[in-house]
There are 2 protein chains.
Amino acid sequence: MFSIGEFSKASGLSVKTLRFYHERGLLVPAATDERSGYRYYDGRNLEKAGVIRALRKFEFSLEEIAAILEDCDDDQDAAEYLQRQRKILEGKSRHYRDLVQRIDQVMQLQREAREIVVFNRESQEIEERFVQPQIVAGLRIKGRYQDCGKVFSKLAKRVGRHISGKPLCLYYDGEYREEDADFEPCFPLRKSVAVNEFDVRTLPGAACVILLHRGPYDTLGESYARVFEYAKHKGYEIELPTREVYLKGPGMIFRGNPKKYLTEIQVPIRQET
Amino acid sequence: MFSIGEFSKASGLSVKTLRFYHERGLLVPAATDERSGYRYYDGRNLEKAGVIRALRKFEFSLEEIAAILEDCDDDQDAAEYLQRQRKILEGKSRHYRDLVQRIDQVMQLQREAREIVVFNRESQEIEERFVQPQIVAGLRIKGRYQDCGKVFSKLAKRVGRHISGKPLCLYYDGEYREEDADFEPCFPLRKSVAVNEFDVRTLPGAACVILLHRGPYDTLGESYARVFEYAKHKGYEIELPTREVYLKGPGMIFRGNPKKYLTEIQVPIRQET
DNA sequence: TTACGGCCTCCAGTAACGGGAGAGTCAAGC
DNA sequence: GCTTGACTCTCCCGTTACTGGAGGCCGTAA
């Protein structure tokens, strides 16, 4: 017979825990002194304590442990319980692994954003460039420009695995619209994947007039004016849809500082054939 | 301005949660009606709610989130916090993965035990067989036979990855001893691994008189008597150490029913050269 | 007798909420 | 102006598996 302190050392369970298990009926001491209330444990208690400890290691709840102790005398009897717990634990492992991946994604985006900022530190000028064709997944909608963000997060959830570059948006109107704007948020993909609900296709290459817009989205209008002015001056004919590539926008967690946003405006121009 | 119910739908946080965050000072409504106590939320609140939700997904505690909201305006600012959290989450993922592996081990042992029982259903007889050499990790001690279990769990913890068969024990005394018995619990290994504290070596093969003992360990004596009797009858000379292989003993969780234990007694005999 | 350590019970606190009681508030319909 | 029903308020309890602490009893040794 052990006193509770001795039994605590023998079993590896704290005195508090032993009292708690007693209260819960999980591990009832072999004897209790009626007068003093002292608990006394025996060898059978020790064995049971070992089983409880083993099951706690597998993170069974005390309730489940009580059930297992009720049902089982043998590892074999506990197989079902173990199988179930295995599934749960595997789920948790996967869950945490996914979270780690998500954090890695966030940090990857940060690195890219930093590089873009450094790389484009002084570019302010309009340029002409051929934009290469790319595979994209898009969802064309009619609505207000603010809805864009929601569509992006929806897209990211479904094709997140295959994204290969910065988000972009196609604008089919050729002018600014408060409501009923016709546009298509897109993600470039590494390879073509069939995702129902979204339009996955190759976005053709195009010669474009390009301007890197710095600052919040509500000043995009001024930059568009500069681009259109330039195109007109050069006598170019504009082809729809125009494109915006969001090189640095709101972060995945914080909105960030809109003054630091970088958006590339790409206006395709008709080529003489 | 949203009422708490509207804001709950907009933010995806429950009304209860919003009240709780208010109490904790994490997300204070833009205005509260002094008279009625009604909470009213605005767009900035909505943005903050989004950040909190994003951080909760990464399982930051509310306390940490408060600190992050204090410190950061931008994903970049949060990089350190994310890095730290990443480590924690990775640790948890590994933890659960390890538990799954441990459960798999338990169930693997169960399967083996079941097969052994089925396979040896009717073997009761003494036989002679050559036991193949094998790589083992052992720890030779002097003490009482009951200490065996502790040594096995110690061994299992250190070389668990490389175990390739049933635990066995070498007995150097050639007779039963209450105290100061000289014996060596061993695990067979797939390959030789250096583990300090333990003796890893190749246990030589040996021609043995073998008997499968059924039942609890305290009746092993009778089986030994049979084996020695047989050896004497045949005129064999016994070589130490003798071996016991624990084909089915206590489970990894439960002690199980000792009447079902299976132990192979192997007594090496000298070969004429 | 006193001291000291061990043991007892009871209460409170943990993290992040959810449930529910009982009461006050708001907007709409009559 | 009144009622109704939906909404909101505060306050308290419960969750899990314990840990910490207060205040007091018990047992043994000096």
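Parameters and conventions
Residue positions are given per chain, counted from 1 along the sequence in the order it is written. By the order in which they are written, chains take letters starting at A while ligands take numbers starting at 1. pLDDT decides what is reported in this predicted model: residues at 70 or higher carry local features, side-chain atom pairs at 80 or more are listed and counted, and totals for whole chains, interfaces and linings draw on all residues regardless. Hydrogens and waters are ignored; side-chain quantities use all the structure's heavy atoms. Here, patches come from residues exposed beyond 30% relative accessible area and free of salt bridges, joined within 9 Å for like charges and within 5 Å for nonpolar side chains (Val, Leu, Ile, Met, Phe, Trp, Tyr). Here the Shrake-Rupley method, with its probe set to 1.4 Å, supplies the accessible areas, and only the displayed protein chains count as covering residues. A side-chain nitrogen of Lys or Arg and a carboxyl oxygen of Asp or Glu constitute a salt bridge if their distance falls within 4 Å. The charged-residue count follows a simple rule in which Lys and Arg add positive charge and Asp and Glu add negative charge, with His and chain termini not counted at all. Charged groups are reduced to one reference atom each: NZ for lysine, CZ for arginine, CG for aspartic acid, CD for glutamic acid. Strands are runs of DSSP state E lasting at least 2 residues, helices are runs of H or I lasting at least 4, and numbering of each runs from the N terminus. Throughout this description, buried means an accessible area under 20% of the type-specific maximum (1.4 Å probe, protein chains only), exposed means over 50%, and partly exposed covers the range between. Here the bounds of each domain stem from an automatic or database domain assignment. Note on pairing: two strands pair once DSSP finds at least 2 bridges between them. Think of it this way: one heavy atom of a residue within 4 Å of a molecule or strand is enough to make that residue near it. Pairs of N or O atoms within 3.5 Å make up the polar contacts considered here, provided that, within protein, one atom can donate a hydrogen while the other can accept it, and that residues adjacent in sequence are counted only when both atoms are side-chain atoms. Residues are grouped as follows: Ala, Val, Leu, Ile, Met, Phe, Trp, Tyr, Cys and Pro are nonpolar; Asp, Glu, Lys and Arg are charged; all remaining types, including Gly, are polar. Residues grouped as a nonpolar core are buried Ala, Val, Leu, Ile, Met, Phe, Trp, Tyr and Cys residues, joined through side-chain atoms within 4.5 Å. Two residues form a contact once any of their heavy atoms are found within 4.5 Å. Here the quantity called buried area is the accessible surface, traced with a 1.4 Å probe, that two parts lose on coming together, added over both.

A. A look at a negative patch on the surface. Residue and element names in this part refer to chain A. Taken together, the side chains of E70, D71, D73, D77 and E80 make up a negatively charged region of the molecular surface. Tracing the backbone shows E80 in helix α5 (residues 79-119). Judged by relative accessible area, which is 63%, E80 ranks as exposed.

B. Summary view of the domain arrangement of chain A. If you check the domain split of chain A, you get domain 1 (2-71) and domain 2 (124-271). Distance from the C-alpha centre of domain 1 of chain A to the C-alpha centre of domain 2 of chain A: 65 Å.

C. Examining the pairing of strand β8 (residues 181-188) of chain A more closely. Residues and elements named next belong to chain A. Counting buried positions along β8 yields eight of eight residues, so the element is predominantly enclosed. Judged by which residues are buried, β8 turns out to be covered on both faces: A181, F183, P185 and F187 on one side and D182, E184, C186 and P188 on the other are all buried. As paired elements, strand β5 (residues 134-138) and β8 share three bridges and run antiparallel to each other. Each bridged residue has a counterpart across the sheet, and for V136 the counterpart in β8 is P188. Note: strand β6 (residues 141-143) against β8, three bridges, orientation antiparallel. Its bridge partner being in β8, G143 is matched across the sheet by A181.

D. Molecular detail of the protein's contact with DNA strand D. Residues in close proximity to DNA strand D total 20 residues, the closest being A:K16, A:Y21, B:S3, B:G5 and B:R19. Sugar and phosphate atoms constitute 73% of the interface atoms of DNA strand D, taking the interface as everything within 4 Å of the protein. A distance of 2.9 Å separates a phosphate oxygen of DNA strand D from a polar side-chain atom of A:T17. Contact distances for DNA strand D include 2.8 Å between a phosphate oxygen and a backbone N or O atom of B:G5. For the surface near DNA strand D, the secondary-structure elements that each account for two or more residues are α2 (15-23) of chain A together with α1 (4-11) and α2 (15-23) of chain B. Looking at the surface near DNA strand D residue by residue, the class counts come to six nonpolar, eight polar and six charged.

E. Spatial organisation of the nonpolar core. If you look at the biggest cluster of nonpolar residues, it comprises 64 residues, and the most contacted ones within it are A:L82, A:I253, B:L82 and B:I253. In this view, B:I253 contacts A:V51, A:A54, A:L55, A:F58, A:D75, A:L82 and B:V106; residues no more than four positions away in its chain are not counted.

F. Representation of the protein's contact with DNA strand C in the model. Looking at DNA strand C, there are 20 residues lining it, with A:S3, A:R19, A:Y38, B:K16 and B:Y21 nearest. The sugar and phosphate moieties of DNA strand C supply 74% of its atoms located within 4 Å of the protein. One of the side-chain N or O atoms of A:S3 is found 2.7 Å from a phosphate oxygen in DNA strand C. Within the backbone of B:L62, an N or O atom sits 3.2 Å from a phosphate oxygen of DNA strand C. Contributions of two or more residues to the surface near DNA strand C are made by α1 (4-11) of chain A together with α2 of chain B. Per-element accounting of the surface near DNA strand C gives the leading share, four residues, to α2(B). Taken together, the residues of the surface near DNA strand C sort by class into six nonpolar, eight polar and six charged.

G. Just the interface of chain A and chain B, in detail. Each side of the interface is counted separately: chain A has 44 residues, and chain B has 44 residues. For the chain A and chain B pair, buried surface summed over both sides reaches about 4,200 Å², with 64% attributable to carbon and sulfur atoms. Where chain A packs against chain B, one counts four salt bridges. Put simply, A:D104 and B:R86 hold a salt bridge, and the shortest N to O gap is 2.5 Å. Across the chain A-chain B interface, the total number found is 19 residue pairs in polar contact (both at pLDDT 80 or more). Elements with a minimum of two residues in the side of chain A that touches chain B: α3 (43-57), α4 (62-71) and α5 of chain A. No other element matches the 22 residues that α5(A) contributes to the side of chain A that touches chain B. Broken down by class, the residue content of the side of chain A that touches chain B amounts to 21 nonpolar, nine polar and 14 charged.

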